[in-house]
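Analysis of the macromolecular model
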Amino acid sequence: GAVVSQHPSRVICKSGTSVKIECRSLDFQATTMFWYRQFPKQSLMLMATSNEGSKATYEQGVEKDKFLINHASLTLSTLTVTSAHPEDSSFYICSARAGPLPSNEKLFFGSGTQLSVL
Amino acid sequence: RKEVEQDPGPFNVPEGATVAFNCTYSNSASQSFFWYRQDCRKEPKLLMSVYSSGNEDGRFTAQLNRASQYISLLIRDSKLSDSATYLCVVSTPSSGNTPLVFGKGTRLSVIA
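In short, a report on the structure. If you're wondering where the values come from, they're calculated on a predicted model, not measured in any experiment.

So, about the overall build of chain B. On a plain count of helices and strands, chain B comes out with 0 helices and 11 strands. Moving toward the C terminus, one meets the helices and strands of chain B in the order β-β-β-β-β-β-β-β-β-β-β. Against the compact-globule benchmark of 13 Å for 112 residues, chain B has a radius of gyration of 14 Å, which places it among compact chains. Along the three orthogonal principal directions, the C-alpha set of chain B runs to about 45 × 30 × 25 Å. Nonlocal contacts in chain B, meaning residues at least 24 apart in sequence, comprise 56% of its contacts between residues at least 6 apart. As presented, chain B carries roughly 5400 Å² of accessible surface, and 48% of it is formed by carbon and sulfur atoms. Put simply, chain B has 12 plus and 10 minus side-chain charges, and the middle of one group is 4 Å from the middle of the other.

Let's shift gears to unusual backbone geometry. Across the junction of His7(A) and Pro8(A), the peptide omega takes the value 5°, indicating a cis bond. Located in the positive-phi region is Asp77(B), a residue other than glycine, with phi close to 50°. Relative to the assigned elements, Asp77(B) resides in the loop between strand E8 (70-75) and strand E9 (84-91).

Another point: the layout of surface pockets. Within this model, the largest pocket holds a volume of roughly 1200 Å³. Lining of the largest pocket is provided by 47 residues; of these, Gln42(A), Ser43(A), Leu44(A), Gly103(B) and Lys104(B) occupy positions nearest its centre. Only strand E4 (32-38) and strand E5 (45-51) of chain A together with strand E1 (4-6), E9, strand E10 (101-102) and strand E11 (106-111) of chain B provide two or more residues apiece to the lining of the largest pocket.

The next subject is the state of the cysteines. Under the criterion given, the structure shown has 2 disulfides over all chains. There is a disulfide in this structure between Cys23(B) and Cys88(B), and the S-S distance comes to 1.9 Å. One disulfide, between Cys23(B) and Cys88(B), carries an S-S torsion of -75° and so falls in the left-handed class. Here Cys23(B) is found in strand E3 (residues 19-25), whereas its partner Cys88(B) is found in strand E9, with 65 residues between them in sequence. Cysteine Cys13(A) remains unbridged, with the sulfur of Cys94(A) as its closest cysteine sulfur at 18 Å. Look at Cys13(A) and you get buried, because its relative accessible area is 10%.

Each partner contributes residues to the interface: chain B has 21 residues there, and chain A has 25 residues. The contact between chain B and chain A buries some 1800 Å² in all, and 55% of this surface belongs to carbon and sulfur atoms. Where chain B touches chain A, the interface holds 0 salt bridges. The interface formed by chain B and chain A holds 3 residue pairs in polar contact (both at pLDDT 80 or more) in total. Of all elements in the fold, only strand E4 (32-38), strand E5 (45-49) and E9 of chain B reach the threshold of two or more residues within the side of chain B that touches chain A. Among the elements that line the side of chain B that touches chain A, the one with the most residues is E4(B), at 4 residues.

Before going further, it helps to spend a moment on the sheet that holds strand E1 (residues 4-7) of chain A. Residues and elements named next belong to chain A. What the 4 strands build is an open sheet, ordered E1-E3-E8-E7; its pairing is antiparallel. Here the strands that pair on one side only, and so sit at the sheet edges, are E1 and strand E7 (67-73). Pairs of neighbouring strands in the sheet enclose a mean axial angle of 15°, with direction left out of account. Pairing analysis gives 5 bridges linking E7 to strand E8 (residues 76-81), with the strands arranged antiparallel. By the bridge assignment for E8, phenylalanine 67 is matched with valine 81.

Analysis parameters
Residues numbered from 1 in each chain as written. Chains lettered and ligands numbered in written order. Predicted model: local features only at pLDDT ≥ 70, side-chain atom pairs only at ≥ 80, totals over all residues. Heavy atoms only, no water. Helix = DSSP H or I, 4+ residues; strand = E, 2+ residues; numbered from the N terminus. Rg over C-alpha atoms; globule rule 2.2 N^0.38 Å. Contact = heavy atoms within 4.5 Å. Areas by Shrake-Rupley, 256 points an atom, 1.4 Å probe, with all protein chains shown as cover. Lys, Arg positive; Asp, Glu negative; His and termini not counted. Charge placed at Lys NZ, Arg CZ, Asp CG, Glu CD. 1 Å grid on protein atoms, 1.4 Å probe; cavity = no way out; pocket = protein on both sides within 12 Å on 5 of 7 lines; lining within 4 Å. Points joined across faces, edges and corners; volume = space filled by probe spheres on them. Disulfide = S-S within 2.5 Å. Buried < 20%, exposed > 50% of the residue type's maximum accessible area, 1.4 Å probe, protein only. Buried area = accessible area lost by both parts, 1.4 Å probe. Salt bridge = Lys/Arg side-chain N within 4 Å of Asp/Glu carboxyl O. Polar contact = N/O pair within 3.5 Å; in protein donor to acceptor, adjacent residues only side chain to side chain. Pairing = 2+ DSSP bridges. Axes fitted to C-alpha atoms, helices over the stretch in contact; angles between N-to-C directions.

Take a look at the structure:
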């Protein structure tokens, strides 16, 4: 099946640094990518939706200037956590869709990135 | 009220037991329903879609009650490998880019 590659899988960084997470669709063109965040023992919370070539749509409460999303091509979306702080420590995961709903079989997840900010 | 609510868990059951998870959703416009499985620090993986008529896949049976906005998952003959967190997931299409809304998940531990 289709594969979404996400890396790095784990990042440990100092407070104040920026971290970039990449999400690539390896064998399909992802028209839409979603970025989720998951804190321990919590559900996946949607942060933003990005469409290739346009600005991302952020969910309420998510700072667009802090979480920069770039979806410059149909196979790559990046999430940059700028000036990371300990409260940003979380599990970040992307998902990509190759086509419109309702076919859930066309929604694929990256393997996630565990971010730890010291 | 949260969009998707699940049994809090954790469920600790012996091998071979039957276990049932429940889930309710708040948006009556929701159209697609799924159960995902998530292992610790891993990505969610689709277990099965849920249809109004109910559907079964081996030891797993899913039910949907639209009137009550209720979804269930039944696991029969539990295996050790079933230990994971089970996520109830709902989609409410308002455009072509509708994401999935995840419940908090219910943790299952199957014990030998």
